[in-house]
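A closer look at the structure
One letter stands for each residue in the lines below.
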Amino acid sequence: MSRKPEDIVSAAVVKHGSGREAVMGILTDVNRELGYIPEEAIKAAAKAVDVSNAEIYSVLSFYSFFSTEPRGRNIVRLCNTISCEMNGSSDILDAIEKELDIKTGETTADGRITLETTSCIGLCDESPAMLINDTPHTRLTPEEACKILAGLE
Amino acid sequence: MPNVSVTINGVTTSVREGVTILDSCKTAGVEIPTLCYHPDLSLAGNCRMCLVEVEGWKTLAIACVTPVTPNMVINTHSKKVRHARRTVLKLLLAAHNVNCPECERNKNCELQELAEKHNITFNEYQTSPKPSSIEEVSPGIMRDNSRCIMCTRCVRTCEELQSVAVIRPVGRSASVNISTFMDLGLNNVPCTQCGQCINRCPTGALFETSEIRQVWEAIEDPEKFVVVQTAPAIRVGIAEALGLPTDRTTGKMVAAIRGLGFDRVLDTDFTADLTIIEEGHELISRLKKVLVDGDTDTALPMTTSCSPGWIKFIEHKYPDLLPNVSSCKSPQQMFGALSKTYLAGKEGVDPSKVICVSIMPCTAKKYEKERPEMRDSGYKDVDYVLTTRELASMIQEAGIDFDNLHDEKYDRWMGDSTGAAVIFGATGGVMEAALRTAYEIVTGQEIPFEGLNIIPVRGMEGIKDAAITMPDKMASGFEFLAGVTLKVAVVHGLANTRKLMDKVRAGEVDYHFIEIMACPGGCLGGGGQPIPTNPTVRKKRSDAIYEEDAVLHFRKSHANPEIQLLYAEFLKEPLGHKSHELLHTHYTKRD
């Protein structure tokens, strides 16, 4: 049983404090534990830091690693920036979308995988590359990418 | 700060060290184009319109945020500067919905004006036209982000002037938009509908929810008896909205409105006077309950209730203090309730045929009239609200030559005004009007200020206060106030209001009565007033309001002959049965 969003925020405030500089820490903790940042967590964080709900929402909307929508147990982020693109990332994306039967930004029906694209993740020398949760996978081919995804719980 | 020498376009002048390049150029009479800059707001430096060249600098300087340094050599229109500014403008225009004729701000748009000044006749960056997209609709305010240039003036207004902070940039890079929490829209977040964001938008991304069409239809419907009320601040704003200099133009305004075809032209000033009578008696009654009866349930300080932006603010932010708010409806809503009861009777018309239109300096009034509790006449008390800008638009559409009109007078029954009512339009005005009347009720004598001018509560300071000690000899029935020092405060702008209400909540202040206006400067700086509204403009409008007060025959609300008639024939007494039924209201706690 996971903790309530408000409780995660309370614990994060103990850890990070309640100044404006604590916002990123609080949001990161919520995102890590729940895989997304629900509305209740935004409200709780705004109250704790004494800023408006809109300000917290504005901050989290800037970061693609934060989401306000529930996501899958694993988040796949395929790089779509130029080096990866030149080395075939769009073919990989097509293959993954076909294999998982979802579009970019969507989650599989069983909640196993959310597929996203990301701007450069600094792995151009080993492109094409993707992140699965916090782990990088490099020098991908469509086949290999699909094989890796098949092994995810 | 010592003065330093700077050279601007070859002319050496002396300016205070630390002022910005923009301000030093302004002092030197050199104009620099700006967009994200606004004199009411903090500096953002994000639009890059004000770029200038500084000798020895590798890059251009952002004039609005760069302080001058000793012996700085500035060029404000070198080739490099002109090229950069044109590029900035073209890029802004390329990302803008350039459909000027269909825009509310056509011919009153800072972006359009700069495009004209910089002779942008061709834009190589313009690809496909950006379609209009109304993102948000609320009773008072609409937003079309296709016209937004991301200057964040609205964001800073909402946070810095109003401490409401419901709008923010959302998203990133090319997909960033000004939006609300979870993109819920202004109607579903604690927006006060004050419209200050509209007044600071350089383009047409923000505008009022218009009711011009509905008002024309009502006027043109022969079945309807259309009455119009004009708020105190309109008479000092309408000329400006028509492109004329700021002036008090009450007589011409009445003539113009009558020319539009309204059946009766009446004055919100009349119910401003009525508010003073009702609110003054409410204050005295609260003071008696606390001072004589020792009642601990009666809340003090009492605050005013005329500003609908303030009412929505307290409902969201300080619901625990709602018992402190006067139960009086705003003058607009008192007028509405009386127009379909008292006035309908006087005019001998069926109240169901009466359409009540208000001209307000305010967008929150559009929200206020939609409140479900504002139907005490048995009908919707106020049907339509037009801003000063919308009225100007109707006058222009009708081809009325405003400047050459002869002065006309308001119609009878609800058209009499006093100086006390006129100053409702300026911060401190309600307080001054209330003191002129309340003091006289309880002491039987005029308030001891020269010419009835209560100077301590006037002016643009954010929070003002005053203390008035009652004499030993009081009018019969008010002896309990003998020698009591009445402490009052006046606040305008919701950020200032928040500071004061925090102190009230903490019990740190012991005021008896507080006037609160949501907008900086009071109604004269309201969200429905002409654009631009800035410190210079607010001062001019304020001067015009106090001038009007000084020349009016009656300067105290209780001296208004039509108010006296209203009590004699209809209401009977202040805070009486009829008053409670029609003129008082209650408030709602909101999330």
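Refer to the structure presented above.
The structure presented is a predicted model; accordingly, all values stated were derived computationally and were not measured.

This part covers the interface of chain B and chain A. Each partner contributes residues to the interface: chain B has 14 residues there, and chain A has 13 residues. A buried area of about 1,200 Å², summed over both sides, lies between chain B and chain A, and 62% of it is on carbon and sulfur atoms. Among the residues chain B hides against chain A, the three largest losses belong to Arg172, Phe181 and Met182 of chain B. Together they make up 53% of the total. Our count for the chain B to chain A interface comes out at one salt bridge. The shortest N-O distance in the salt bridge between glutamate 55 of chain A and arginine 168 of chain B comes to 3.3 Å. Put simply, chain B and chain A have six residue pairs in polar contact (both at pLDDT 80 or more) between them.

Moving on: the sheet that holds strand β18 (residues 513-517) of chain B. Residues and elements named next belong to chain B. Read across the open sheet, the four strands follow the order β13-β18-β17-β16; overall the sheet is mixed. The sheet is open, and its two borders are formed by β13 (302-303) and β16 (463-469), each paired with just one other strand. For strand β17 (residues 485-492) and β18, the ladder comprises five bridges, and the chain directions are parallel. Across the sheet, the residue bridging to valine 491 is isoleucine 516, located in β18.

Once that is clear, we can look at unusual backbone geometry. Residues and elements named next belong to chain B. Cis rather than trans, the peptide bond between leucine 300 and proline 301 has omega equal to -5°. Along the chain, proline 301 falls in the loop between α9 (268-291) and β13. Put simply, isoleucine 531 and proline 532 share a cis peptide bond, and its omega is 10°. One non-glycine residue, arginine 48, lies in the positive phi region at around 65°. Overall, the relative accessible area of 37% leaves arginine 48 in the partly exposed class. Positive phi, close to 65°, is recorded for leucine 452, a residue that is not glycine. Within the secondary structure, leucine 452 is located in the loop between α16 (429-443) and β16.

In this section: the packing of aromatic side chains. In this structure the tally under the stated criterion is five aromatic pairs over all chains. Ring centres 5.1 Å apart and planes at 75° place the aromatic pair phenylalanine 62 of chain A and tyrosine 63 of chain A in the edge-to-face group. For phenylalanine 62 of chain A, a relative accessible area of 39% puts it in the partly exposed group. In this structure tyrosine 63 of chain A comes out as partly exposed when scored by relative accessible area, which is 35%. Pairing phenylalanine 313 of chain B with tyrosine 318 of chain B gives two aromatic rings, centres 6.2 Å apart and planes at 50°, and the pair type is tilted. Residue phenylalanine 313 of chain B shares its accessibility class with tyrosine 318 of chain B, and that shared class is buried.

Here the focus is the sheet that holds strand β12 (residues 264-267) of chain B. Backbone-to-backbone hydrogen bonds join strands into a sheet, with any given pair of strands oriented parallel or antiparallel. Residue and element names in this part refer to chain B. Spatial strand order, β12-β11-β14-β15: four strands in an open sheet with parallel pairing. In the strand order of this sheet, the two ends are held by β12 and β15 (384-387), each with one partner. When the angles between neighbouring strand axes are averaged without regard to direction, this sheet yields 25°. Pairing between strand β11 (residues 225-230) and strand β14 (residues 354-360): six bridges, direction parallel. The residue bridging valine 228 from the neighbouring strand is valine 357, located in β14. Against the sheet, helix α6 (residues 212-220) makes contact with β11, β14 and β15, and its axis sits at roughly 120° relative to β15, the strand it touches most. Its contacts with the sheet place helix α11 (residues 331-339) against β11, β12, β14 and β15, and it is angled at close to 155° to β11.

So, on to the nonpolar core. Counting residues in each nonpolar core, the largest one holds 61 residues, and the members touching the most others are Val9, Ile26, Ile37, Ile42 and Ile56 of chain A together with Trp310 and Ile514 of chain B. Of all the elements, helix α3 (residues 39-49) of chain A adds the most residues to this core, at six residues. Those residues within four positions of valine 9 of chain A in sequence are excluded, and the remaining contacts are Ile26, Val30, Ala41, Ala44 and Ala45 of chain A. Phe335, Ala344, Leu386 and Leu583 of chain B belong to the second largest nonpolar core, which has 59 residues in total.

The packing of two helices is summarised by the inter-axis angle and the distance between the axes. All names here are of chain B. Contact geometry of α9 with helix α19 (residues 561-571) gives a least axis separation of 10 Å together with a crossing angle of 65°. Judged on the interaxial angle alone, α19 and α9 are roughly perpendicular. Read as a crossing pair, α9 and α19 show a hand that is right-handed. The residues of α19 that touch α9, namely those facing Phe270, Asp273, Leu274, Ile277 and Glu278, are Glu562, Ile563, Leu566, Tyr567 and Leu571. Class assignment for the residues of the contact of α9 with α19 results in seven nonpolar, no polar and three charged.

About the thresholds
- Residues numbered from 1 in each chain as written.
- Chains lettered and ligands numbered in written order.
- Predicted model: local features only at pLDDT ≥ 70, side-chain atom pairs only at ≥ 80, totals over all residues.
- Heavy atoms only, no water.
- Contact = heavy atoms within 4.5 Å.
- Buried area = accessible area lost by both parts, 1.4 Å probe.
- Salt bridge = Lys/Arg side-chain N within 4 Å of Asp/Glu carboxyl O.
- Polar contact = N/O pair within 3.5 Å; in protein donor to acceptor, adjacent residues only side chain to side chain.
- Pairing = 2+ DSSP bridges.
- Helix = DSSP H or I, 4+ residues; strand = E, 2+ residues; numbered from the N terminus.
- Buried < 20%, exposed > 50% of the residue type's maximum accessible area, 1.4 Å probe, protein only.
- Phe/Tyr/Trp six-rings, centres within 6.5 Å; stacked < 30°, edge-to-face > 60°.
- Axes fitted to C-alpha atoms, helices over the stretch in contact; angles between N-to-C directions.
- Core = buried A, V, L, I, M, F, W, Y, C linked by side-chain atoms within 4.5 Å.
- Parallel < 35°, antiparallel > 145°, perpendicular 65-115°, else oblique.
- Left-handed = near helix turned anticlockwise from the far one by under 90°.
- Nonpolar A, V, L, I, M, F, W, Y, C, P; charged D, E, K, R; others polar.

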